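Chain and residue survey
These are the residues of each chain, in order.
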Amino acid sequence: MEHVRISRVQVFPQADGKNTLGYAHVTLSDAFVVKNLRLVKGRKGVFIGMPSFRLRNGEYADVFFPVSREARSLLTEAVVNAFREEHPELMAGLEVYDADTAPLSA
């Protein structure tokens, strides 16, 4: 992505005993911060859950999300790489998936 760059990634391990491995805050182009991206262990591998809020009907709506596959891959790689670097024990043996089902290189 040529216009937006990820300038900082902060990771916070917080295993809930279920599927959440931790959270991340991502700074974009030294101008905006997106908080509470969730690192989730799913059936097909690890993916990034977007910050969301609960609607009146009980469903959830994302408050931040990438609008292209390229942007999602950039975000996923940055968060996963930060978790791998700072907390390798959380990522041991886990395959990472981006957007829906396409595996990312480990």
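To start, this report covers the structure provided alongside it. (Residues numbered from 1 in each chain as written. Predicted model: local features only at pLDDT ≥ 70, side-chain atom pairs only at ≥ 80, totals over all residues. Heavy atoms only, no water.)

Of all nine residues making up strand 2 (residues 20-28), eight are buried, and the element is well covered by its neighbours. Two elements, strand 1 (residues 6-13) and strand 2, share seven bridges in a ladder whose sense is antiparallel. Looking at the pairing, Arg8 lines up with Thr27 of strand 2. Between the antiparallel neighbours strand 1 and strand 2 lie six residues, among them Gly17 with a positive phi of about 80 degrees. Summarising the sheet, strand 2 and strand 3 (residues 32-41) pair through seven bridges and their orientation is antiparallel. Along strand 3, the bridge assignment pairs Thr20 with Val40. (Buried < 20%, exposed > 50% of the residue type's maximum accessible area, 1.4 Å probe, protein only. Helix = DSSP H or I, 4+ residues; strand = E, 2+ residues; numbered from the N terminus. Pairing = 2+ DSSP bridges.)

To continue, consider the environment of Val80. Take Val80: it is sitting in helix 1 (residues 69-86). Taking C-alpha positions, Val80 is 7.9 Å from Leu39, a pair spaced 41 residues apart along the chain. Each residue touching Val80, except ones within four places of it in the same chain, is listed here: Leu39, Ile48, Met91 and Val96. (Contact = heavy atoms within 4.5 Å.)

The next thing to look at is helix 1. For helix 1, with 18 residues, the first-to-last C-alpha span of 26 Å sits near the 26 Å given by 1.5 Å per residue. Listed in full, the buried residues belonging to helix 1 are Ala71, Ser73, Leu75, Thr76, Ala78, Val79, Val80, Ala82 and Phe83. The inward-facing, buried residues of helix 1 abut strand 1, strand 2, strand 3, strand 4 (46-49) and helix 2 (88-91). (Expected span 1.5 Å × (residues − 1).)

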